[in-house]
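Topology and contacts: notes
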Amino acid sequence: MAVKYIPEPFRIKMVEPIKMLTQKEREQKIKEAKYNLFNLAGQDVYIDLLTDSGTNAMSDQMWAGIMRGDEAYAGSSSYYKLLEAGKDIFNYDYIQPVHQGRAAEKVLFGAMLVPGKIAISNMFFDTTRAHVELCGARALDCVVEEAKDPTKRAPFKGNMNVEKMEKTILQYGPENVGLVVMTITNNSAGGQPVSVQNIREVAAVCKKYNIPLNIDAARYAENAYFVKLREEEFKNKSIKEIIRAIFDCGDMFTMSAKKDTIVNMGGLIGVKDATSPLILLIKARCISFEGFTTYGGLAGRDLEALAIGLYEGLDENYLKYRIGQMEYLAAHLDDAGIAYQSPVGGHGVFVDAKAMFPQIPYYEFPGQVLAVELYKEAGIRACDIGSYMLGNDPDTKQQLHAEFEFTRLAIPRRVYTQSHFDIMAEALIAIKERAHKIKHGYKITWEPPILRHFQAHLTPVDK
Ligand SMILES: *Cc1c(COP(=O)(O)O)cnc(C)c1O
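Residues numbered from 1 in each chain as written. Predicted model: local features only at pLDDT ≥ 70, side-chain atom pairs only at ≥ 80, totals over all residues. Heavy atoms only, no water.

A word on helix H4 (residues 101-109). The buried fraction of H4 amounts to 7 of the 9 residues, a majority that puts the element mostly inside the structure. Within the span of H4, buried status applies to Gly101, Ala103, Ala104, Glu105, Val107, Leu108 and Phe109. (Buried < 20%, exposed > 50% of the residue type's maximum accessible area, 1.4 Å probe, protein only. Helix = DSSP H or I, 4+ residues; strand = E, 2+ residues; numbered from the N terminus.)

In structure tokens, the structure reads:
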């Protein structure tokens, strides 16, 4: 264990009690939840790693902002504060608040994609893919090959395979490609960063074929921190300068502000060029779906906290501590010979469930097996990022075979301490020791047509 836990650059002012049920109680609860972790009551979870989305601990400054929030329906001062922060950090002319990331996708993609179009990404996040498909378009991933090998260490495993992307554009015809989406960091590949060089190359191809480039920017700050550590050109640049370099490449962005901006709810759309005809469409769709353009589905206090959080997320001491937590847990797993998407990414540890349960086929969902075991073992709630999440082919309705079978331990920001991380490591090690005894996974007994993993019912396969 060569990795030291980076001390928290804050102290605790308010606490929230948590408790652990007995193993017997947990086994009963997960059965009642139809083996779907999303169906568990939060109170029945000890360490909640279901997502890093909206689960962040706000600062004293952000809570003070909540009290200052201006609740004017139109033109609230909190809205103007948010605009100023957004323009300052991203250098985009138009900033539109919305209630969360998928709202940004609904508002923007609906203005750009029609049936028959395709959209290409390094990797689509699940809701992003769903919104492409809801427009009647098709979503295609072109991530670099090394992302698909969890043991292969590379600095930017989130990158787009630019050659494959260009081939795909030519195969479908540039006129049929409605959008290219760069997801930073690449969430579904394990929170893996994307290099500025790669974003520049993607932007050049988009320009060549006149295809708009959208940045799916949920983890823009974590991505920028990795760029600073790993990309020579940026080692002496500030996080803000790196963010500018990234956003200079895009035409617009969609952002879930529930991640790197450290708030509990919010989202943004940005458009670089004030003369873009898209802006009028965004405004119209925002008013219909989210609310008036100066609040976009958020309360004034949320806008105020978001404006503050945009800056807090850029603090390098905070980012060092944050990425340090992932490295600390990953080092424990290295010692125990537990495979994960390595090097570890920015917002969680993606344990390779296929490697832990080689006897369980993809259609019995090894990532879900490990998630259920973590809950039974230590009251930890994680989630599957694999075939269970990926779902069925929209055309053939057949179960898709995911590139990976991960169990994601997503780490909420500024919430858990070193001893919680030790419990995570101990639980994974205990499960690994008995993993060979688990012969079968799960089958689905009921599923909705889209984004099934949130709601599906499962039952153990017993043969
Ligand atoms: C979370 C996330 C989204 C969706 O955002 P919500 O706020 O959950 O609606 C989109 N893209 C990426 C990469 C995300 O991580």
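Checked against the element boundaries, Asn159 lands in the loop between strand S4 (138-141) and helix H6 (162-172). Of the polar contacts made by the side chain of Asn159, one reaches the backbone nitrogen of Ser195; its length is 2.9 Å. Excluding residues within four positions of it along the chain, Asn159 makes contact with Asn122, Cys142, Val143, Val144, Pro193, Val194, Ser195 and Asn198. (Polar contact = N/O pair within 3.5 Å; in protein donor to acceptor, adjacent residues only side chain to side chain. Contact = heavy atoms within 4.5 Å.)

Mapped onto this numbering, the UniProt entry annotates "modified residue: N6-(pyridoxal phosphate)lysine" (unreviewed entry) at Lys259. By the secondary structure assignment, Lys259 is in the loop between strand S7 (252-256) and strand S8 (267-271). In this structure Lys259 touches Asp52, Ser53, Asn56, Ala218, Arg219 and Arg413, once residues within four positions along its chain are discounted. Within polar-contact distance, the side chain of Lys259 engages the side chain of Ser256 at 3.4 Å. (UniProt positions renumbered as here; feature names shortened; annotations may be inferred.)

The next thing to look at is the site of the ligand. Neighbouring the ligand are 16 residues; Gln100, Arg102, Arg219, Ser256 and Lys259 lie closest to it. Within the side chain of Gln100, a nitrogen or oxygen atom sits 2.8 Å from an oxygen atom of the ligand. One of the backbone nitrogen or oxygen atoms of Gly101 is found 2.8 Å away from an oxygen atom of the ligand. Taking 380 Å² as the accessible area of the ligand by itself, protein coverage stands at 98%. With 3 residues, the single largest contributor to the shell around the ligand is H4. Of the residues that constitute the shell around the ligand, the class distribution is 2 nonpolar, 8 polar and 6 charged. (Near = heavy atom within 4 Å. Areas by Shrake-Rupley, 256 points an atom, 1.4 Å probe, with all protein chains shown as cover. Nonpolar A, V, L, I, M, F, W, Y, C, P; charged D, E, K, R; others polar.)

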